[in-house]
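# Geometric and topological summary
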Amino acid sequence: MSSQSATPAQPDDLRRLRQALLAAGYTVDGVPRALSPQAHDALGAGDPAPAVRATRDGSAMSTLVRLFLLGKAVPTQLCASALDPLTLDQAVAMGLLVADGDSMRAGLDVRPYGEPGAGWFVVSDVAARPLRPDHVLGVGGASVTLAQATVRDPVGTALDLGTGSGVQALHLSDHAMSVTATDRNPRALHLAGLTAALSAVPGWELLEGDLFAPVDGRRFDLVVSNPPFVVTPAGRFLYRDSGLAGDEVCRRIVHSAPGHLTDGGTAQLLANWLHVRGTDWTERLEGWLGGTGCDALVLQRELQDPAEYAALWLRDSGDDQAEGDLYASLYDDWLAWFDAHDVEAIGFGLISLRRNGSDRPVVSVENHPQPVEQPLGPTIASWLSRAVAVRDLSDDALLQTALDVAEDVRLEQRAVPGEGWEVESQTLLQEGGLRRRAGIDEFGALVVAGCNGLQPLNGLLEILAPAYDLDAEDLRADALPLVRDLVRDGYLLLPE
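One structure accompanies this document, and this report is about it. (Residues numbered from 1 in each chain as written. Predicted model: local features only at pLDDT ≥ 70, side-chain atom pairs only at ≥ 80, totals over all residues. Heavy atoms only, no water.)

### Focus on unusual backbone geometry
Residue P130 follows R129 across a cis peptide bond; omega there is -5°. Residue P375 is bonded to the preceding Q374 through a cis peptide linkage, with omega at -5°. With respect to the helices and strands, P375 occurs in the loop between β13 (363-367) and α15 (377-392). The backbone of S36 shows a phi angle near 95°, a positive value even though the residue is not glycine. With respect to the helices and strands, S36 occurs in the loop between α2 (30-35) and α3 (37-44). With phi around 55°, A200 is a residue other than glycine that occupies positive phi space. Looking at where A200 falls in the secondary structure, it is placed in the loop between α10 (186-198) and β8 (205-208). The class for A200 is exposed, based on a relative accessible area of 52%. (Helix = DSSP H or I, 4+ residues; strand = E, 2+ residues; numbered from the N terminus. Buried < 20%, exposed > 50% of the residue type's maximum accessible area, 1.4 Å probe, protein only.)

### Things to note about the sheet that holds strand β3 (residues 103-106)
Taken in spatial order, the 3 strands of this open sheet run β1-β3-β2, and their pairing is antiparallel. Taken across any chain shown, the strands that pair with only one partner, and hence form the sheet edges, are β1 (74-75) and β2 (97-100). Across 2 bridges, β1 lies against β3 in antiparallel orientation. Residue pairing in the sheet places P75 in a bridge with S103 of β3. Contacting β1, β2 and β3, helix α5 (residues 60-69) crosses the sheet at an angle of about 60° to β3. (Pairing = 2+ DSSP bridges. Contact = heavy atoms within 4.5 Å. Axes fitted to C-alpha atoms, helices over the stretch in contact; angles between N-to-C directions.)

### Here's the deal with the pairing of strand β7 (residues 176-183)
In terms of burial, β7 is a largely internal element, 6 of the 8 residues being buried. In this structure, strand β6 (residues 155-161) lies alongside β7, joined through 6 bridges in parallel fashion. Looking at the pairing, L159 lines up with T180 of β7. Read as a crossover between parallel neighbours, the route from β6 over helix α9 (residues 167-173) to β7 is right-handed. Relative to β8, β7 runs parallel, the two being bridged by 4 bridges. When the sheet's bridge partners are listed, T180 is paired in β8 with E205. Note on the crossover from β7 through α10 to β8: the handedness is right-handed. (Right-handed = clockwise from strand over helix to strand, strands pointing away.)

### Quick word on the packing of helix α17 (residues 442-450) against helix α18 (residues 457-464)
Relative to each other, α17 and α18 sit at 135°, their axes nearing to 10 Å. The orientation of α17 with respect to α18, classified from their angle, is oblique. Viewed along their axes, α17 and α18 form a crossing whose handedness is right-handed. Across the interface between the two elements, F443, L446, V447 and G450 from α17 touch L457, L460, L461 and L464 from α18. Of the residues assigned to the contact of α17 with α18, the class counts are 7 nonpolar, 1 polar and no charged. (Parallel < 35°, antiparallel > 145°, perpendicular 65-115°, else oblique. Left-handed = near helix turned anticlockwise from the far one by under 90°. Nonpolar A, V, L, I, M, F, W, Y, C, P; charged D, E, K, R; others polar.)

### A word on the packing of aromatic side chains
Summed over all chains, the structure comprises 12 aromatic pairs. Seen in terms of ring centroids, F237 and Y239 are 6.1 Å apart; in terms of plane orientation they differ by 40°. Their pairing is tilted. The pair formed by F237 and Y239 is uniform in burial state, with each residue classed as buried. Centroid distance W273 to W281: 6.3 Å. Interplanar angle 5°. Geometry classified as stacked. With a relative accessible area of 0%, W273 lands in the buried category. Three or more aromatic residues link up through ring pairs in this structure, and these residues are F229, Y309, W313, W334, W337, F338 and F348. (Phe/Tyr/Trp six-rings, centres within 6.5 Å; stacked < 30°, edge-to-face > 60°.)

Read these as spatial facts, not as claims about activity.
As structure tokens, this is what we get:
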């Protein structure tokens, strides 16, 4: 019996399975100990050979690793011993195992997930080729990226839009009183339910439907989404293809999310967006955000040309291994679509919104391809909070504020030989968070250096005015926009 024809798993069977996994030490911290850190790291990097060598002893742990992490066929008796008290008949009935001669193979992917001690397991489809159209992904780079970037303040209600196997919902369970998870793919909801039960987290509300349709009229304190954002000429796989043209699915989520947020609520989604020839990509994204009434931070983390993008996602679905001319045909169709729509590149990143009810929302669209400090969630939370604080602070109040320089801020100078060393350019940089870099002139550098947490900004500017032979009022007019940006982006700090 295959996982495609599996009967619904019974709660008692899932409790037995969890008991077996925990008894074997098949956990997020137990597996690296059993394999050795080196073998575990090699497995994560795509080299299974050390893990195969480390799992030859027939133990319960080795059996589970071979079944679910290595995708090996394992003798039936070893499977029965490793899964006890769950019987093989029960395992086959729920689609967990499938017969392979005198052995068994995994019918579902079950792997430990989360921080050490979390006791979580993510249940997804085995990545067998070719993928089924309703294939459900497990833990991947995109899901980890979103999990690391999510704001983790305690909330009452949270929504995982397009839950897939339930990765984001697991994290939400740690800081939300109630979790709702939606998906248009019934199979995804089934596997997300197994993830929740096997991880022993409180019950989630699982709703079938596309985008926000299942929660029409409802509002949440936090909405997260790892949607089917891939820009494709045709919808073939539910997990990645929305069926909408171009990047329209991401635009629709951005447009609709504010209507499903409580006051002060936050929405965060991964997205792809098109760089269209002749159009500034930042202005295009700002157009998505216009009229939302939300403060917004858009972070572009990667940029790919169309050929690179098409090849990436054809590899992802295994089409690069297809027989005949299928790969060439799909690749040609993809590139032809990009050409027809003047697409010169595709951006990938994160969009964060906060519903603050302001008619002057702060919107920033930024490119940050550099490595950043993880988890990124606290950095994004701080930016959203500072955006409100800076917007609500009058010029007079800001001038009376004693600002301080953040501890991770440094000034980098580039100098050329001349009469001594002549400073050619200066860059203000952060060693933590987004690791921002911003060019700054001599005056700006002096303002930052003078912010010591003791003297109000107005006093500092009065000291600097004579050095620049400027009227203090003119200097304040020039300095305030700069200072507001530096505070918003975390170079300068407001007093607590």
